[in-house]
Amino acid sequence: MQIKKLTNTFGAEIIDVNIPNLTDRGDLDTIMEAFLAYQVIVIRNQKLSPVEQKKFSEEFGDLDIHISSKNKHKDHPELLILSNKKINGEWIGATNAGDEWHTDTQYMPIPSKCTMLHALEVPEEGGETAFINTYAAFEALPVSTQNKIRDLKGVNSWNRLKNPRVKIPKQHGDGKSVYDIGHPDVIHPIVRSHPETGRPALYVSPRHTLFVKGMPVKESEELLQELFSVQQNPQIIYTHKWRLGDVLIWDNRCTLHKGMGDIKAPGIRHLHRTLMAGSVPV
Ligand SMILES: O=C(O)CCC(=O)C(=O)O
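First things first, this report covers the structure right here in the doc. Computed from a predicted structure; not experimentally measured. (Residues numbered from 1 in each chain as written. Predicted model: local features only at pLDDT ≥ 70, side-chain atom pairs only at ≥ 80, totals over all residues.)

Looking now at the overall build of the protein. When its secondary structure is counted, the protein shows six helices and 18 strands. On C-alpha atoms alone, the protein measures out to a radius of gyration of 18 Å, which is about the 19 Å that the 2.2 N^0.38 rule sets for 282 residues. For the protein, the spread of C-alpha atoms along the principal axes amounts to about 50 × 45 × 30 Å. Classification of the 282 residues of the protein by burial places 41% in the buried group. Taking as baseline every contact in the protein between residues at least 6 positions apart, the subset at least 24 positions apart corresponds to 79%. (Helix = DSSP H or I, 4+ residues; strand = E, 2+ residues; numbered from the N terminus. Rg over C-alpha atoms; globule rule 2.2 N^0.38 Å. Buried ≥ 20, exposed ≤ 12 C-beta atoms within 10 Å, placed from the backbone. Contact = placed C-beta atoms within 7 Å.)

Shown next, in the form of structure tokens:
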């Protein structure tokens, strides 16, 4: 197995591995170490069945099931389909679910540890997924801001209708049946300490963090915008151009991500997604 860095600060690709044949504990441990060290890893050239993807996903943690009843694989509800394919005029998966910067399931009391996407079809152009290193975002803040936010909490929501920063994807009409489903908002620290590395990461996102708990609305939005702009510094962003067979895994505790869309017709992007259970952010 070979591991090569994708940027100076984070992201790595792993080659010369066949996931279904990975039985050696040492090889699996090397992959887990790379995941913690590089935050986003991509294992190239795989062809996993749903059962094989679920089995490999379980090396990272128990499988979470997505909150939405839509876009699930019909035989494997733990697999979500991300696809711009239509069959008989119907979309068969989520077309642009992750179109705003976010970290997965930040709206849950126990957000997911990591996410895995497996590329089964990829377009010639477009459909990239971009990542922010949120350890680096925290480190880039002035010490005075780090101290100011260290004990603050964010209120995080699944409901796009409550968040004026984001739009409702066209696929979901007015969005009520998908987002306005009474799922309670949750409170998490704005700076979270990674449970395995102990490093602090900036845990806010434009998609899910509505406001800072206990702060007047205007002041809260100004502070969040300041934090978002530090996160969105191109120097701490890696944009992944998909290759057929990629198995990409990212750590939701120390990264944000966003689907860049803009798939050039007639390109098809078809991915299978699994989500692995995490712990309460502290
Ligand atoms: O479609 C993408 O590129 C991003 C998908 C995403 O945001 C997710 O799976 O959580």
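Attention now goes to the sheet that holds strand β10 (residues 153-156). Here we have three strands laid out as an open sheet, ordered β11-β10-β14, and antiparallel in their pairing. Where the open sheet ends on each side, the last strands, each with one partner, are β11 (186-189) and β14 (209-212). If you compare each strand with its neighbour and ignore which way they point, the axes differ by 35° on average. For β10 and β11, the ladder comprises four bridges, and the chain directions are antiparallel. Bridging from a neighbouring strand, N156 pairs with V186 of β11. (Pairing = 2+ DSSP bridges. Axes fitted to C-alpha atoms, helices over the stretch in contact; angles between N-to-C directions.)

Right, let's talk about unusual backbone geometry for a bit. Residue A265 is joined to P266 through a cis peptide bond whose omega torsion reads 0°. With respect to the helices and strands, the residue P266 is situated in the loop between β17 (255-259) and β18 (270-276). Unusually for a residue other than glycine, Q39 sits at a positive phi of about 75°. By the element assignment, Q39 lies in the loop between α1 (25-38) and β3 (40-43). The phi torsion at N88 lies on the positive side, around 50°, for a residue other than glycine. Of note, N88 is situated in the loop between β6 (86-87) and β7 (90-91).

Further remarks concern the site of the ligand. Around the ligand, a shell composed of L82, A97, G98, D104, T115, L117, T129, H257, G259 and R273 is seen. Elements represented by at least two residues in the shell around the ligand include exactly β8 (114-121) and β17. (Near = placed C-beta within 6 Å.)

Glancing now at the environment of P123. With respect to the helices and strands, the residue P123 is situated in the loop between β8 and β9 (129-133). In this structure P123 comes out as partly exposed when scored by C-beta crowding, with 18 C-beta atoms within 10 Å. As for P123 and N88, which are separated by 35 residues in sequence, their C-alpha atoms are 21 Å apart. In this structure P123 touches I263, K264, G267, I268 and R269, once residues within four positions along its chain are discounted.

On to the sheet that holds β17, then. Taken in spatial order, the three strands of this open sheet run β15-β9-β17, and their pairing is antiparallel. Here the strands that pair on one side only, and so sit at the sheet edges, are β15 (237-240) and β17. Taken over all neighbouring pairs, the strand axes of this sheet differ in orientation by 20° on average, direction set aside. The pairing of β9 with β15 spans four bridges and is antiparallel. Looking at β15, one finds that I132 is bridged to I237.

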